Amino acid sequence: MIPVEKSLLFQKIITGLVLLFSVSLLAMAWPRCRAAFDFLPAKYALEKINKNTELDEEEIAIALEQTEQSAEIFADPRYSEGMSQLLLLDAQKNESLDSAANDSLALAKKSAEHALSLAPANALLWYRLAVINSLLNTSPEDIKKTLLMSIMTGPNEMGIMLPRLHMSLMLFSLLENDDKEQIINQIITVWSLAPADFLLIVADNTNMMESTKTLLTPHHTTELSEMEQALEERH
């Protein structure tokens, strides 16, 4: 039989260990919780952007500051992704794309790349990086690579499929055989899901329609014939 004194000592040791473990868990979780709490107003601002609600410069600046604080506290890809979106919006509000806008774009690029290093399967963010690269006048090859990564990680992302395809067709001359197969699949998908929207891309752009014809010949002549007939009916 265990003496009362030893039993009480054992209970105190167990209680102390449990308390120590709980405090350790709390200490580890606190930065994540603090960062998430600080990010809440910025998250609301980002949701407004995603609903096509306009933000003024002050709202963008405040959201950026909150997101940056959260990113410094805890390395979560959501914070870096949010920063890239806010910085891109900040740059796009400056139509002249002066040095300040270019600084915002450079920071947006850095934030996007950091977020993708933490969570690379983000098709939207790969596409945003392609847009940022194009605004920064980086090499077409780099833009193509980010577009293809976006297609690979999210081939059926309807929210970005159409503008992504538009940009891909603009870079047609850079496409290699493996790349072309991905773009062909995108064309067929967009045509099947949103033919009217697809026609808006190629209707007034002869080069893009010629690129589409080259890609779809000879294995997708049915879809190509449908497109050409639909274009004729528009005129």
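Since the structure is predicted, the reported quantities are computational estimates derived from the model, not experimental observations.

Caption draft 1: Inspection of the overall build of the protein chain at higher detail. Along the protein chain, the regular secondary structure elements total 11 helices and zero strands. Listing every helix and strand of the protein chain by position from the N terminus yields α-α-α-α-α-α-α-α-α-α-α. Out of the 235 residues in the protein chain, the part that is buried amounts to 38%. Within the protein chain, counting contacts between residues at least 6 apart in sequence, those at least 24 apart form 63% of the total. Total accessible area on the protein chain stands at roughly 14,100 Å², and carbon and sulfur atoms take up 58% of it.

Caption draft 2: Here's a closer look at helix α9 (residues 195–202). The complete set of buried residues in α9 reads F198, L199, I201 and V202. The arc that holds the buried residues of α9, viewed along the axis, is 150°, so those residues lie on one side. Residues of α9 that are exposed and angled more than 90 degrees away from the buried face: A196 and L200. Contacts made by the buried residues of α9 are with α7 (158–170), α8 (177–193), α10 (206–216) and α11 (221–234).

Caption draft 3: How the structure looks around the packing of aromatic side chains. For the structure on display, the rule yields one aromatic pair. Their ring planes at 75° and their centres at 5.9 Å tell us that W191 and F198 sit as a pair that is edge-to-face. Residue W191 shares its accessibility class with F198, and that shared class is buried.

Caption draft 4: Just the pattern of salt bridges, in detail. Per the counting criterion, the structure on display carries five salt bridges. With a shortest N-O distance of 3.6 Å, E210 and K213 are connected by a salt bridge. You can see E210 and its partner K213 sitting in helix α10, three residues apart, about one turn around the helix. Owing to a relative accessible area of 27%, K213 belongs among the partly exposed residues under this scheme. Of the charged contacts, one joins K213 and E228 as a salt bridge, the two residues approaching to 3.6 Å between their closest N and O atoms. One end of the pair, K213, is in helix α10; the other, E228, is in helix α11, with 15 residues separating them in the sequence.

Caption draft 5: Expanded view of helix α3 (residues 77–92). In this model, α3 (16 residues) spans 23 Å end to end at C-alpha, consistent with the 22 Å of a helix rising 1.5 Å per residue. Turning to α3, its buried residues are Y79, S80, E81, G82, M83, S84, Q85, L86, L87, L88 and A91.

Caption draft 6: Geometry of the confidence of the model for the protein chain. Mean pLDDT for the protein chain: 81, with 79% of residues reaching 70 or above. The spread of mean pLDDT over the elements of the protein chain runs between helix α1 (residues 4–50), the lowest at 60, and helix α6 (residues 140–153), the highest at 95.

Caption draft 7: Local environment of the side chain of R128. Residue position: R128 is located in helix α5 (residues 123–135). The charged side chain of R128 is buried without a salt bridge, its nearest counter-charge being E81 at 4.3 Å.

Caption draft 8: The packing of helix α4 (residues 99–118) against α5, seen in detail. At a minimum axis separation of 10 Å, α4 and α5 run at an interaxial angle of 155°. Between α4 and α5, the angle is such that the two are roughly antiparallel. Classified by chirality, the crossing of α5 by α4 is left-handed. On α5, the residues that touch L105, A108, K109, A112, E113, A115 and L116 of α4 are L125, W126, L129, I132, N133 and L135. In the contact of α4 with α5, the residues fall into 10 nonpolar, one polar and two charged.

Caption draft 9: Expanded view of unusual backbone geometry. P218 follows T217 through a cis peptide bond whose omega is 5°. In this fold, P218 is placed in the loop between α10 and α11. Even without a glycine there, the phi angle at N137 is positive, about 60°. Residue position: N137 is located in the loop between α5 and α6. Note on N137: relative accessible area 68%, which makes it exposed.

Rules used throughout
Residues numbered from 1 in each chain as written. Predicted model: local features only at pLDDT ≥ 70, side-chain atom pairs only at ≥ 80, totals over all residues. Heavy atoms only, no water. Helix = DSSP H or I, 4+ residues; strand = E, 2+ residues; numbered from the N terminus. Buried < 20%, exposed > 50% of the residue type's maximum accessible area, 1.4 Å probe, protein only. Contact = heavy atoms within 4.5 Å. Areas by Shrake-Rupley, 256 points an atom, 1.4 Å probe, with all protein chains shown as cover. Arc of directions from axis to C-beta. Phe/Tyr/Trp six-rings, centres within 6.5 Å; stacked < 30°, edge-to-face > 60°. Salt bridge = Lys/Arg side-chain N within 4 Å of Asp/Glu carboxyl O. Expected span 1.5 Å × (residues − 1). pLDDT = per-residue confidence, 0-100. Lys, Arg positive; Asp, Glu negative; His and termini not counted. Axes fitted to C-alpha atoms, helices over the stretch in contact; angles between N-to-C directions. Parallel < 35°, antiparallel > 145°, perpendicular 65-115°, else oblique. Left-handed = near helix turned anticlockwise from the far one by under 90°. Nonpolar A, V, L, I, M, F, W, Y, C, P; charged D, E, K, R; others polar.

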